[in-house]
Amino acid sequence: MTGLRKRGGGTENISDKEADGDDRLGLQGDTEGECDGDSKADTPDVPLSTADSYNTPQYLNKALAGLPPRWKNYWIRGVLSVAMISGFFLIIYMGPVTLILVVMTVQIKCFQEIITIGYRVYHSYELPWFRTLSWYFLICVNYFFYGETVADYFGALVQREEPLQFLSRYHRFISFALYLAGFCMFVLSLVKKHYRLQFYMFAWTHVTLLIVVTQSHLVIQNLFEGMIWFIVPISIVICNDIMAYLFGFFFGRTPLIKLSPKKTWEGFIGGFFATVVFGFILAYLLSQFQYFVCPVGLNSETNGFTVECEPSDMFVMQEYTLPAVVQNIVTWKTVTMYPFQIHSVFLSSFGSLIGPFGGFFASGFKRAFKIKDFADTIPGHGGIMDRFDCQYLMATFTHVYIASFIRGPNPSKVLQQLLMLQPEQQLGIFHTLHSHLRARGMLPPAAAPAE
Amino acid sequence: MAELRHRGGKDTDSPLQQQPSEDKGSDSELKVEKDASSDSEAKVDSGVPEVPVPADDTPEVLNKALSGLSSRWRNWWVRGILTLAMISFFFLIIYLGPMVLMMIVLIVQIKCFQEIITIGYSVYHSYHLPWFRTLSWYFLLCVNYFFYGETVTDSFFTLVQREEPLRILSKYHRFISFALYLMGFCMFVLSLVKKHYRLQFYMFGWTHVTLLIVVTQSHLIIHNLFEGMIWFIVPISCVICNDIMAYMFGFFFGRTPLIKLSPKKTWEGFIGGLFSTIVFGIMFSYLLAGYRYFVCPVEFNNDSNSFQVYCEPSELFQLQVYTLPAILESFTGWSTVRLYPFQIHSIALSSFASIVGPFGGFFASGFKRAFKIKDFANTIPGHGGIMDRFDCQYLMATFVNVYIASFIRGPNPSKVIQQLLALRVDQQLYIFNSLKAHLTEKGLLAALEDAVA
């Protein structure tokens with residue numbers, strides 16, 4: 001969503017899409033001359049797409065034929081934004097399985113976009129084996145991560161089926177062996193004239209995997225904590241983009257960072273406050289529904305996902321006494337809210353203050369390789385990567401936040417590990433746990449009648 | 001150790017070898033390669049000029065002692081002496097104990113990181129990039145902090161729980177590490193300068209890939225170490241042995257080239273190295289498996305605040321009697337043989353070191369050719385940089401770690417207790433009941449229930 005924000009910032013700003021396109025081309029033209037002299041010239045420009053080469057579907061073109069080009073661009077971007085947000089609501093409605101599939105699809109598309117840029121930058125279409133190897137490494141890393149997730153959450157299902165049990169027990173070894181096979185293929189594929197290119201593409205693939213794949217799996221792990229941990233962070237980033245753009249458009253005056261000249265401080269700060277308020281309200285709305293709040297579990301009988309539980313303390317209304325200062329202003333003594341809303345303030349702050357650095361990073365990357373957009377998948381917006389660049393930092397932050405402040409270890413995983421220990425070790429732990437629980441008063445003083 | 005093998009396998013009286021400045025036959029390969037590929041390289045890689053080849057760094061003392069010999073023999077002697085010195089050093093640090101080993105691993109890691117980053121600087125002439133060196137070292141610190149923190153929390157659990165500041169650092173460890181990394185990331189974004197975008201992104205990518213390779217694997221080595229020093233010593237020794245043996249076999253019998261990437265490696269060296277490394281591995285593990293010092297997991301003694309290696313050796317390190325299959329019986333005339341089970345595992349380790357380990361060396365060779373450098377650095381006279389010696393070790397370390405996790409070790413009981421006690425009480429109760437049912441089913445609990453009641 002960095003594109004949206006670029007257009008705000010100054011009353012005399014030309015926000016025309018063609019002019020915008022020219023502007024960006026012009027900007028790159030300035031940097032181009034200086035850049036090339038210094039940078040190593042072994043990475044020629046990726047051919048710039050012209051300003052008007054959107055894949056705008058024909059019917060949209062016809063419907064908007066009457067309007068001047070500037071408004072046409074606004075309308076296209078607006079229509080596509082609304083379409084994407086509606087799509088988001090639809091997949092939330094359809095449930096966890098669809099969400100996981102969509103996350104995976106987005107991941108594959110992002111990976112493909114970045115790898116394609118690498119090909120074009122290095123003219124490396126003709127490298128032997130390279131495409132095969134990139135996709136092979138993607139499959140390996142995905143196999144590793146999905147395997148770890150599946151083994152954690154679907155423990156019961158895995159224990160039942162014999163082949164799954166085998167795959168799960170030796171999962172790391174199998175993943176490592178698969179990766180090694182790819183590594184050895186890479187070494188065997190090194191061709192005399194292309195060593196450096198091949199190493200560059202190898203590194204490019206690995207950095208892309210690091211960014212794209214690990215973070216999409218963090219998104220899925222957040223999802224399993226409860227769909228609210230998936231919906232609220234993503235909505236916060238989207239809201240911040242839109243709000244910062246609007247604030248910048250109406251009030252923008254002071255440039256924020258040289259890297260993205262059209263971002264302004266007014267947009268940044270306005271977006272921050274608006275996002276905090278929005279996050280607060282959205283958290284309140286969603287916390288009431290079990291569908292969003294409960295961890296996603298696998299129902300062994302129906303073999304489907306269920307979201308049914310007793311909501312944890314975080315999603316139960318509590319009364320907070322306002323500090324005296326705020327009391328004077330607002331004349332309320334106490335306020336009832338969900339504890340989760342307080343957490344949402346932290347999530348919103350991160351999404352507004354640090355999230356944009358992900359966008360700056362992607363802007364820098366696009367300038368470095370002289371591309372306007374990552375791809376042309378979404379008319380008016382660019383590629384999937386363009387839309388998701390700010391989301392990645394947010395996903396990692398949410399995951400780390402949950403692990404540090406919210407969630408303890410996963411009980412079924414602990415039980416799994418327990419059952420893998422030696423019997424003497426299990427007995428030892430049993431006794432420790434017994435005395436611990438008895439001390440807490442959870443067990444009756446007499447021995448529990450087991451047999 | 002890739003360089004050792006380069007010299008085997010061809011007639012050693014080629015004129016190129018008598019030039020004093022080159023003590024590696026690979027130099028001749030490089031020169032030939034440069035001529036052949038200069039046309040294509042000019043088209044493809046014109047932007048990356050060669051890294052200046054460092055001059056020979058042999059200490060003066062060695063130079064004087066060997067001044068009488070011809071250059072070729074002098075090079076042999078320098079390499080031989082340094083090899084012996086390194087192996088002796090290896091024995092010394094093993095003797096000094098786990099603490100010293102961990103520090104040595106850390107130092108090696110830092111040196112490898114520095115070598116690779118320096119190559120990046122030279123390749124891209126990016127000395128003047130603002131902030132870049134600071135950021136690279138900062139990222140190294142962050143990632144090390146993250147990994148060491150995870151290790152420390154696992155192994156020094158009691159110590160950490162005792163001290164209040166450590167406890168807080170441990171509880172929020174991931175968050176703190178992430179925050180530190182983010183600061184570096186934001187500094188990088190803020191440091192992007194108009195003229196140098198692409199360079200800066202290249203160096204950012206270079207740093208991260210280096211961290212991925214060097215730091216993660218040095219931590220896997222330390223994990224292996226904590227399992228028992230034998231899991232550290234035997235793999236490293238297997239790789240060293242394979243290098244030396246493959247070189248010897250190649251030198252005496254080498255005829256058929258192995259791979260175009262390293263023209264001096266031969267199939268004879270490869271196969272001879274495989275068999276001799278397996279035999280070496282079996283014998284060496286037999287020697288080491290008898291001593292608790294090597295076999296016991298390294299633990300932290302809370303009272304004495306130091307490491308100790310004291311335990312009852314697991315079944316893996318107790319002699320067992322195996323019946324030989326009939327073929328071997330008739331071959332050797334023994335009907336049974338007494339082995340440590342660990343020796344059978346050592347066959348797997350040796351095979352990996354001989355068959356897949358060299359690919360790490362090929363990778364490093366390809367890397368050096370791609371960037372037209374002879375060695376990673378000049379730290380060790382006659383051998384090159386630290387990275388040159390450790391390139392095959394990295395794959396080995398990861399393999400050993402995965403092998404242990406998959407085939408040897410179950411989860412760590414104290415870690416499981418830790419996690420149990422961190423759960424909510426209702427979850428603990430649920431696990432308690434499940435465990436009770438499981439143990440009762442196994443018949444372990446009935447007798448003890450009476451004792452408890």
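Because the structure is a prediction, the values reported are computed rather than measured.

1. Here we look at the overall build of chain B
Along the backbone of chain B there are 20 helices and six strands. By residue count, 53% of the 453 residues in chain B fall in the buried class. Sequence-distant contacts in chain B: of pairs separated by 6 or more residues, those separated by 24 or more amount to 71%. Of the accessible surface of chain B, which amounts to about 20900 Å², a share of 66% is contributed by carbon and sulfur atoms.

2. Some thoughts on the overall build of chain A
Each helix and strand in chain A was counted, giving 19 helices and six strands. Evaluated residue by residue, chain A yields a buried proportion of 51% over its 451 residues. Across chain A, contacts joining residues at least 24 apart in sequence account for 73% of those joining residues at least 6 apart. As displayed, chain A has an accessible area near 20500 Å², and 66% of this comes from carbon and sulfur atoms.

3. Quick notes on the UniProt feature "transmembrane region" (unreviewed entry) in chain B
Residue and element names in this part refer to chain B. Under the UniProt annotation, the feature "transmembrane region" (unreviewed entry) is placed at residues 131–148, 175–193, 200–222, 228–249, 270–294 and 342–364. This span, residues 228–249, is 91% helix and 0% strand, and a straight line between its end C-alpha atoms measures 32 Å. Helix makes up 96% of residues 342–364 and strand makes up 0%, while its end C-alpha atoms are separated by 31 Å.

4. Considerations on the nonpolar core
Grouped together as the largest cluster of nonpolar side chains are 190 residues, with contacts concentrated most on B:Ile230 and B:Trp231. In contact with B:Trp231, other than residues within four places in its own chain, are B:Asn224, B:Leu316, B:Phe317, B:Phe342, B:Leu349, B:Val400, B:Tyr403, B:Ile404 and B:Ile408. Within the second largest apolar cluster, 15 residues are counted, among which are A:Leu418, A:Leu433, B:Ile431 and B:Phe432.

5. Some thoughts on the packing of aromatic side chains
Geometry of an aromatic ring pair is reported as the spacing of the ring centres plus the angle between the planes. Residues and elements named next belong to chain B. One pass over the full model with this rule turns up 77 aromatic pairs over all chains. Taking 5.0 Å as the distance between ring centres and 90° as the angle between the ring planes, the aromatic pair formed by Trp231 and Phe342 counts as edge-to-face. Of the two residues, Trp231 is situated in helix H11 (residues 230–253) and Phe342 in helix H15 (residues 341–355); the sequence distance between them amounts to 111 residues. By the burial criterion, Trp231 is buried, and Phe342 matches it. Residues Phe251 and Phe252 carry aromatic rings whose centres are separated by 5.2 Å and whose planes lie at 80° to one another, so their mutual orientation is edge-to-face. Looking at Phe251, the relative accessible area reads 31%, which means it is partly exposed.

6. Considerations on a nonpolar patch on the surface
All names here are of chain A. Taken together, the side chains of Val277, Phe280, Ile281, Tyr284, Leu285 and Met317 define a hydrophobic patch exposed on the protein surface, amounting to about 510 Å² of accessible area. By the secondary structure assignment, Tyr284 is in helix H12 (residues 265–286). The partly exposed category is assigned to Tyr284, whose relative accessible area is 34%.

7. Thoughts on the packing of H11(B) against helix H12 (residues 267–288) of chain B
Residue and element names in this part refer to chain B. Taken N-terminus to C-terminus, the directions of H11 and H12 make an angle of 145°; their axes are 7 Å apart at the nearest point. Helix-helix and strand crossings are classified by hand; for H11 and H12 the assignment is right-handed. The segment H11 lies against H12, with Ile230, Ile233, Val234, Ser237, Cys238, Cys241, Asn242, Met245, Ala246, Phe249, Gly250 and Phe253 engaging Glu268, Gly269, Gly272, Gly273, Leu274, Ser276, Thr277, Phe280, Gly281, Phe284 and Leu288. Its residues assigned to classes, the contact of H11 with H12 shows 13 nonpolar, nine polar and one charged.

8. A look at the UniProt feature "transmembrane region" (unreviewed entry) in chain A
All names here are of chain A. Residues annotated in UniProt with the feature "transmembrane region" (unreviewed entry) correspond here to residues 129–146, 173–191, 198–220, 226–252, 264–286 and 340–362. The straight-line gap between the two end C-alpha atoms of residues 129–146 is 25 Å; of that span, 94% is helix and 0% is strand. For residues 173–191, the end-to-end C-alpha separation is 30 Å, with 84% helix and 0% strand making up the annotated structure.

9. What to know about H12(A)
Residues lying three or four places apart along an α-helix face the same way, a consequence of the helix completing one turn every 3.6 residues. Residue and element names in this part refer to chain A. Helix length check: H12 (22 residues) gives 31 Å between terminal C-alpha atoms against 32 Å at 1.5 Å per residue, within 8%. Taken residue by residue, H12 has Gly267, Phe268, Gly270, Gly271, Phe272, Ala274, Thr275, Val276, Gly279, Leu282, Ala283 and Leu286 as its buried positions. Where H12 is buried, its residues meet helix H11 (228–251), strand S1 (255–257), strand S2 (260–264), helix H13 (290–293), helix H15 (339–353) and helix H16 (355–368).

10. Looking at the pattern of salt bridges
For side chains of opposite charge, pairing can occur when their charged atoms come near one another. In this structure the tally under the stated criterion is four salt bridges over all chains. In this structure, the salt-bridge partner of A:Arg172 is A:Glu148, at a minimum N-O distance of 3.5 Å. Of this pair, A:Arg172 sits in helix H9 (residues 171–188) while A:Glu148 sits in helix H6 (residues 130–153), placing them 24 residues apart in sequence. Residue B:Lys111 pairs with B:Glu115 through a salt bridge whose shortest N-O separation is 3.9 Å. Residue B:Lys111 and its partner B:Glu115 are located together in helix H5 (residues 98–124), separated by four residues, close to a single helical turn.

11. Digging into the environment of B:Arg255
All names here are of chain B. Summarising the element assignment, Arg255 is placed in the loop between H11 and strand S1 (257–259). Owing to a relative accessible area of 67%, Arg255 belongs among the exposed residues under this scheme. With 14 residues separating them along the chain, Arg255 and Gly269 place their C-alpha atoms 8.9 Å apart. Setting aside chain neighbours within four positions, we find Arg255 in contact with Thr266 and Glu268.

12. Regarding the environment of A:Arg253
Residue and element names in this part refer to chain A. By the secondary structure assignment, Arg253 is in the loop between H11 and S1. Judged by relative accessible area, Arg253 falls into the exposed class, the value being 67%. Linking Arg253 and Pro356, residues 103 residues apart in sequence, is a C-alpha distance of 18 Å. Ignoring sequence-local partners within four residues, the contact set of Arg253 consists of Thr264 and Glu266.

13. Concerning the pairing of strand S2 (residues 262–266) of chain B
Residues and elements named next belong to chain B. Counting buried positions along S2 yields four of five residues, so the element is predominantly enclosed. Both S1 and S2 contribute to a ladder of two bridges, which runs antiparallel. Bridging from a neighbouring strand, Ile259 pairs with Ser262 of S2.

14. Brief notes about the side chain of A:Arg196
In this structure, A:Arg196 sits in helix H10 (residues 195–225). At 2.8 Å, the side chain of A:Arg196 forms a polar contact with the backbone oxygen of B:Ala370.

15. A few points about helix H19 (residues 423–440) of chain A
Residue and element names in this part refer to chain A. For H19, which comprises 18 residues, the first-to-last C-alpha distance of 25 Å matches the rise-based estimate of 26 Å (1.5 Å per residue) to within 8%. Those residues of H19 not exposed but buried are Gln426, Leu427, Ile429, Phe430, Leu433, His434 and Leu437. Relative to the axis of H19, the buried residues are bounded by an arc of 165° and lie together on one face. Residues Glu424 and Ala439 are exposed on H19 and point more than 90 degrees away from its buried face. Residue Gly441 follows H19 closely and has a positive phi angle near 80°.

About the cut-offs
Residue indices follow the written sequence of each chain, beginning from 1 at its first position. Ligands are numbered from 1 and chains lettered from A, in the order in which they are written. Whole-chain, interface and lining totals are the exception, using all residues; otherwise, since this is a predicted model, local features are given only for residues with pLDDT of at least 70 and side-chain atom pairs are given and counted only at 80 or more. Values shown for side chains rest on all heavy atoms present in the structure; no hydrogens or waters enter the calculation. In this description a helix means any DSSP run of H or I spanning at least four residues, a strand means any run of E spanning at least two, and both kinds are numbered starting from the N terminus. In this scheme, a residue with accessible area under 20% of its type's maximum is buried, one over 50% is exposed, and one in between is partly exposed, where area comes from a 1.4 Å probe on protein chains only. Here, two residues are considered to be in contact whenever any of their heavy atoms come within 4.5 Å of each other. Where accessible areas are quoted, they stem from the Shrake-Rupley method and a 1.4 Å probe; at the residue level, only the protein chains shown are allowed to cover. UniProt positions are given in the numbering used here, feature names are shortened, and annotations may be inferred rather than shown by experiment. By nonpolar core we mean a set of buried residues, namely Ala, Val, Leu, Ile, Met, Phe, Trp, Tyr and Cys, connected to one another through side-chain atoms within 4.5 Å. Only the six-membered ring of Trp is used, alongside the rings of Phe and Tyr, when aromatic pairs are assigned; centres must lie within 6.5 Å, and planes under 30 degrees apart are stacked while those over 60 apart are edge-to-face, with the rest tilted. A patch consists of residues whose relative accessible area exceeds 30% and which take part in no salt bridge; residues with like charges are grouped when within 9 Å of each other, and nonpolar side chains (Val, Leu, Ile, Met, Phe, Trp, Tyr) when within 5 Å. Any carboxyl oxygen of Asp or Glu that lies within 4 Å of a side-chain nitrogen of Lys or Arg is treated as forming a salt bridge with it. Here an angle of 0 to 180 degrees is reported between the N-to-C directions of two axes, which are lines fitted to C-alpha atoms, with helices fitted over the stretch in contact. Take the far helix as your reference; a near helix turned counterclockwise from it by less than a right angle gives a left-handed crossing, and one turned clockwise gives a right-handed crossing. Polar here means any residue outside two lists: the nonpolar Ala, Val, Leu, Ile, Met, Phe, Trp, Tyr, Cys and Pro, and the charged Asp, Glu, Lys and Arg; Gly therefore counts as polar. One fewer than the residue count of a helix, multiplied by 1.5 Å, yields its expected span. A pair of strands is labelled paired if DSSP reports no fewer than 2 bridges between them. Pairs of N or O atoms within 3.5 Å make up the polar contacts considered here, provided that, within protein, one atom can donate a hydrogen while the other can accept it, and that residues adjacent in sequence are counted only when both atoms are side-chain atoms. Here the arc refers to the directions that run from the helix axis out to each C-beta atom.

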